[in-house]
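Residue-level structure breakdown
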Amino acid sequence: MEKIIKVRCTGPGQHENEINLDDIIGEDVVVYGNPIATGRDLPARVVRRCDVCDQGKVIITRDMIEENL
């Protein structure tokens, strides 16, 4: 199931961007009820361009991801 969070950009307009957490962290594979250890950790932070403006960046931190999982 998709989990969407809203994060404001750092640009002068402070535009609100919708971020799909599945795109950030990917999907886990489950076989016979047990998750497979992929060795993948949550990123410390992810920086993306703002969907609306060219000046702003959207910064998603590990804390923001953990709060919304």
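Residues numbered from 1 in each chain as written. Predicted model: local features only at pLDDT ≥ 70, side-chain atom pairs only at ≥ 80, totals over all residues. Heavy atoms only, no water.

1. So, the nonpolar core
Ile5, Val7, Ile19, Ile24, Val58, Ile60 and Ile65 are the most contacted members of the largest nonpolar core, which has 13 residues in total. Looking at this core, the elements that each hand over two or more residues are strand E1 (4–8), helix H1 (21–25) and strand E6 (57–61). Tallying contributions element by element places H1 first for this core, with 3 residues. With residues up to four places along the chain from it excluded, the contact list for Val7 reads His15, Glu16, Asn17, Ile19, Val58, Ile59, Ile60 and Met64. (Core = buried A, V, L, I, M, F, W, Y, C linked by side-chain atoms within 4.5 Å. Buried < 20%, exposed > 50% of the residue type's maximum accessible area, 1.4 Å probe, protein only. Helix = DSSP H or I, 4+ residues; strand = E, 2+ residues; numbered from the N terminus. Contact = heavy atoms within 4.5 Å.)

2. Remarks on the environment of Ala44
Within the secondary structure, Ala44 is located in the loop between strand E4 (34–35) and strand E5 (45–49). Along the primary structure Ala44 and Asp63 are separated by 19 residues, whereas in three dimensions their C-alpha atoms are 8.3 Å apart. Those residues in contact with Ala44 that lie beyond four places of it in its chain are Thr61 and Arg62.

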